[in-house]
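Results of the structural survey
Okay, here's what each chain looks like letter by letter:
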Amino acid sequence: MQTLSVELGHRAYRIHIGPGLLARADLVLPHLAQPRGIIVSNTTVAPLYLARFSDTLERAGIRIESVVLPDGEVHKNWETLNRIFDALLTQRAERRTTLIALGGGVIGDLAGFAAACYQRGMPFIQVPTTLLAQVDSSVGGKTGINHPQGKNMIGAFYQPQLVLADTDTLATLPDRELSAGLAEVIKYGLIRDLPFLEWLEANMEKLLARDTEALSYAIHRSCQNKAEVVAADERETGQRALLNLGHTFGHAIETGMGYGVWLHGEGVSAGTLLAADLSRRMGLLTQADVDRVSDLFVRAGLPVAAPDLGYDAYMNLMGVDKKVEAGRIRFVLLRELGDAFVTGDYDEAALRATLTT
Ligand code: NAD
Ligand code: GLY
């Protein structure tokens, strides 16, 4: 097991990464304010891991209840959030009861937002079971739901007490979901860690073959990058926005195509290629750089061609992006591979060309 820390003063917390962690009640116990937890999961993950994890905790004397939600991005909404509140009230959850998210990013974002709101805040633990959630969404405290007009538009910053990433759970993850997670892994290399990007180029086949050592390394290195950025800029007033490389376009793709049609990681992949193309048109990247980025996403099993939603639809969807300032869309662009920046100062003609060619 490897352990990292997200340094946020009195709200600092640990990320444990390794095999067999669903059997480790000892890692959870010190973080419970009372010997009681409510696990939030979904209809896909619960049959795989809920009984095993509940047993672990119950054997350690923790009272465990659960709420099992429908699976899918399309359910990351008010209605599903309310089902968590209904369960918390029915089960008489108290302010010191811990809410535990067992699942991918959708469950983590929903449960985290519920924890932030229920009785104005209850303790919360992340147990991510997708690669994407283990490398990104379970760390950093962004929680929330989608609105029909925009991804993740309603939410709160609310940090967990602990992140428990059991790498054994990745064995049951569908290939398409593994690839989606790799999009966020590649992101760290592109925005701030060129040596990691080079490592990914050398080890992509191992990752796709689910080589345990390679996956653990990639998760650890991704979390290290994320933890550093979050510790420096928890509320995204500056450098945290770099974690949004490809997301301005990607969120537009997810919303425009209908939630769940394109996976989040797939939108990030095609969106990153649009950001790279815009960077090239602005004289920052070379065509060879763009091809290099494209090759890596393709090798990861990800789409690199964005759907043709039309220029107006893209602009309309991106107009609600959380980085918009004074009505101006701001993009994360690449100065060079391994070095990203945020700007609202881009060439309109270049953006139009990126979105239409
Ligand atoms: P997801 O939660 O929908 O999980 C993907 C699929 O895999 C689902 O069908 C799920 O039931 C299934 N699954 C989960 N674990 C499994 C396992 N071990 N074995 C088999 N199947 C399993 O999607 P995701 O990619 O994990 O997360 C995407 C979401 O995360 C998006 O809503 C995105 O906006 C959000 N996100 C949030 C942050 C953040 O900082 N909060 C960062 C990135 C993404
Ligand atoms: N996934 C983007 C962030 O956590 O800031």
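In the block above lies the structure referred to throughout.
Presented here is an overview of the structure given in this document. What you see is a predicted model; the values in this text were computed from it and never measured.

**As for the pattern of salt bridges**
- Throughout the structure, instances matching the rule amount to 23 salt bridges.
- Here D26 and R24 are joined by a salt bridge, their closest N and O atoms 2.8 Å apart.
- On the basis of relative accessibility, which here comes to 44%, the residue D26 falls in the partly exposed class.
- In this structure, E201 engages R292 in a salt bridge whose closest nitrogen and oxygen atoms are separated by 2.8 Å. Here E201, found in helix α7 (residues 194-208), pairs with R292, found in helix α11 (residues 287-299); they are 91 residues apart in sequence, far enough to count as distant.
- According to the relative accessible area criterion, R292 is partly exposed, its value standing at 30%.
- Here the salt bridges do not stand alone but share partners, grouping D136, E184, K187 and K226 into one network.

**Describing the site of ligand 1**
- Around ligand 1, the surrounding shell holds 28 residues, and the nearest of these are D71, T129, T130, K151 and T172.
- Note that an oxygen atom of ligand 1 is positioned 2.7 Å from one of the side-chain N or O atoms of K76.
- Between an oxygen atom of ligand 1 and a side-chain N or O atom of K226, the distance comes to 3.4 Å.
- When the residues that make up the shell around ligand 1 are grouped by side-chain class, the tally is 7 nonpolar, 11 polar and 10 charged.

**Brief notes about the packing of helix α9 (residues 247-257) against helix α12 (residues 311-318)**
- One can describe the packing of α9 onto α12 by two numbers: an axis separation of 9 Å at closest approach and a directional angle of 105°. In terms of axis orientation, α9 runs roughly perpendicular to α12. The segment α9 lies against α12, with T248, F249, A252, I253, T255 and G256 engaging Y314, L317 and M318.
- The class makeup of the residues in the contact of α9 with α12 is 6 nonpolar, 3 polar and no charged.

Cut-offs and rules
Residues numbered from 1 in each chain as written. Chains lettered and ligands numbered in written order. Predicted model: local features only at pLDDT ≥ 70, side-chain atom pairs only at ≥ 80, totals over all residues. Heavy atoms only, no water. Salt bridge = Lys/Arg side-chain N within 4 Å of Asp/Glu carboxyl O. Buried < 20%, exposed > 50% of the residue type's maximum accessible area, 1.4 Å probe, protein only. Helix = DSSP H or I, 4+ residues; strand = E, 2+ residues; numbered from the N terminus. Near = heavy atom within 4 Å. Polar contact = N/O pair within 3.5 Å; in protein donor to acceptor, adjacent residues only side chain to side chain. Nonpolar A, V, L, I, M, F, W, Y, C, P; charged D, E, K, R; others polar. Axes fitted to C-alpha atoms, helices over the stretch in contact; angles between N-to-C directions. Parallel < 35°, antiparallel > 145°, perpendicular 65-115°, else oblique. Contact = heavy atoms within 4.5 Å.

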